[in-house]
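Residue-level listing of the chains:
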Amino acid sequence: LRADVVVSTAWGITPVHMQFFDSPESLVREDIAILGALAQDGAMIADADDHWFGLVNDVATKHSARILSYGRYATADSLIDSDTVYDEKDRPTGMRFEVECSGVRRDLRLHGAVGRHFGYPLAAAFCVAKALGLDLDIASRSIDGFAGPNGRMRVIDGVRGSVLIDDTYNSS
């Protein structure tokens, strides 16, 4: 089995993730071992803002992978330039992100959820489209309107015009 694209996200170096690893670095190295399955002309998509980006970049380079990055810093290939909460009828409705990749700058909306962190998967999706040679205009139309998953900062109408933010995904 060969992968055309491998996407790495930020690593949660918390006890629940570390239980079978000696160190945070060993966890990251295990996660990026999938690079061994990357096709010869495959691409590694990585979070340029993550603490472990340097290690990921080094390992990807040793595998001769094309490396595309996403993030909020100017060095990222897919740059999250701004983010704002937008509203309709005086209540938060979602997030608006400006993302730029290869000179294509798009205003993308996330409906029904709020949080700056949602910009990262949108920017990573632009990198995937670029890596696969897809038209970024078409990709941006496909991405725009993505709705976050239930329990992850979802905006819910409350009683008497109130607004609830449901972030119960990992609650117990």
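Residues numbered from 1 in each chain as written. Predicted model: local features only at pLDDT ≥ 70, side-chain atom pairs only at ≥ 80, totals over all residues. Heavy atoms only, no water.

Quick notes on the overall build of the protein
Right, so step 1: A count of helical and extended segments in the protein gives five helices and nine strands.
Right, so step 2: Start at the N end of the protein and walk to the C end: the helices and strands fall as β-α-α-β-α-β-β-β-β-α-α-β-β-β.
Right, so step 3: Restricting to contacts in the protein with at least 6 residues of sequence separation, those with at least 24 account for 49%.
Right, so step 4: Total accessible area on the protein is roughly 9900 Å²; 51% of this is exposed by carbon and sulfur atoms. (Helix = DSSP H or I, 4+ residues; strand = E, 2+ residues; numbered from the N terminus. Contact = heavy atoms within 4.5 Å. Areas by Shrake-Rupley, 256 points an atom, 1.4 Å probe, with all protein chains shown as cover.)

Comments concerning the nonpolar core
Right, so step 1: By size, the foremost hydrophobic cluster in this structure holds 26 residues, and its most contacted members are I45, Y70, F97, V99, L108, L110 and F126.
Right, so step 2: Going through the elements one at a time, β2 (38-47), β3 (66-71), β5 (91-101), β6 (104-111), α4 (119-131) and α5 (136-143) are the ones with two or more residues in this core.
Right, so step 3: Per element, the largest residue contribution to this core is seven residues, and it comes from α4.
Right, so step 4: One finds W11, L38, A46 and V59 within the second-largest nonpolar core, a separate group that totals 16 residues. (Core = buried A, V, L, I, M, F, W, Y, C linked by side-chain atoms within 4.5 Å. Buried < 20%, exposed > 50% of the residue type's maximum accessible area, 1.4 Å probe, protein only.)

Brief notes about the pairing of β5
Right, so step 1: Bridge count for strand β4 (residues 78-88) against β5 is ten bridges, and the pairing is antiparallel. Following the sheet pairing, I80 is matched in β5 by V99.
Right, so step 2: The turn linking β4 back onto β5 is made up of two residues, and K89 within it adopts a positive phi angle of 60°.
Right, so step 3: Here β5 pairs with β6 via eight bridges, running antiparallel. (Pairing = 2+ DSSP bridges.)

Observations regarding the packing of helix α2 (residues 24-31) against helix α3 (residues 53-62)
Axis angle and axis distance: for two packed helices, these are the angle between their axes and the distance between the axes, and together they describe the pair.
Right, so step 1: Relative to each other, α2 and α3 sit at 40°, their axes nearing to 11 Å. Viewed along their axes, α2 and α3 adopt a mutual orientation that is oblique. Read as a crossing pair, α2 and α3 show a hand that is right-handed. Seen from α2, the contacting residues are E25, V28 and R29; seen from α3, they are L55, V56 and V59.
Right, so step 2: In terms of residue class, the contact of α2 with α3 is built from four nonpolar, no polar and two charged. (Axes fitted to C-alpha atoms, helices over the stretch in contact; angles between N-to-C directions. Parallel < 35°, antiparallel > 145°, perpendicular 65-115°, else oblique. Left-handed = near helix turned anticlockwise from the far one by under 90°. Nonpolar A, V, L, I, M, F, W, Y, C, P; charged D, E, K, R; others polar.)

Remarks on α4
Note that an α-helix has 3.6 residues per turn; residues three or four places apart therefore point the same way.
Right, so step 1: The end-to-end C-alpha distance of α4 is 19 Å, a good match for the 18 Å that 13 residues give at a rise of 1.5 Å each.
Right, so step 2: Taken together, the buried positions of α4 are occupied by G119, L122, A123, A124, F126, C127, A129 and A131.
Right, so step 3: Positive backbone phi, at 75°, marks G133, one or two positions downstream of α4. (Expected span 1.5 Å × (residues − 1).)

Observations concerning the sheet that holds β6
Right, so step 1: Reading across the sheet, the seven strands line up as β1-β2-β3-β4-β5-β6-β7 and stay open at both edges, with mixed pairing between neighbours. The sheet is open, and its two edges are formed by β1 (3-7) and β7 (146-147), each paired on a single side.
Right, so step 2: Strand direction decides the pairing type here: β2 and β3, joined by five bridges, are parallel. Bridge pairing in β3 places D47 opposite Y70.
Right, so step 3: Packed onto the sheet, α3 meets β2 and β3 and runs at close to 170° relative to β2.
Right, so step 4: Here α5 sits on the sheet in contact with β5, β6 and β7, set at roughly 15° to β6.

Function cannot be read off these values alone, since they describe shape.
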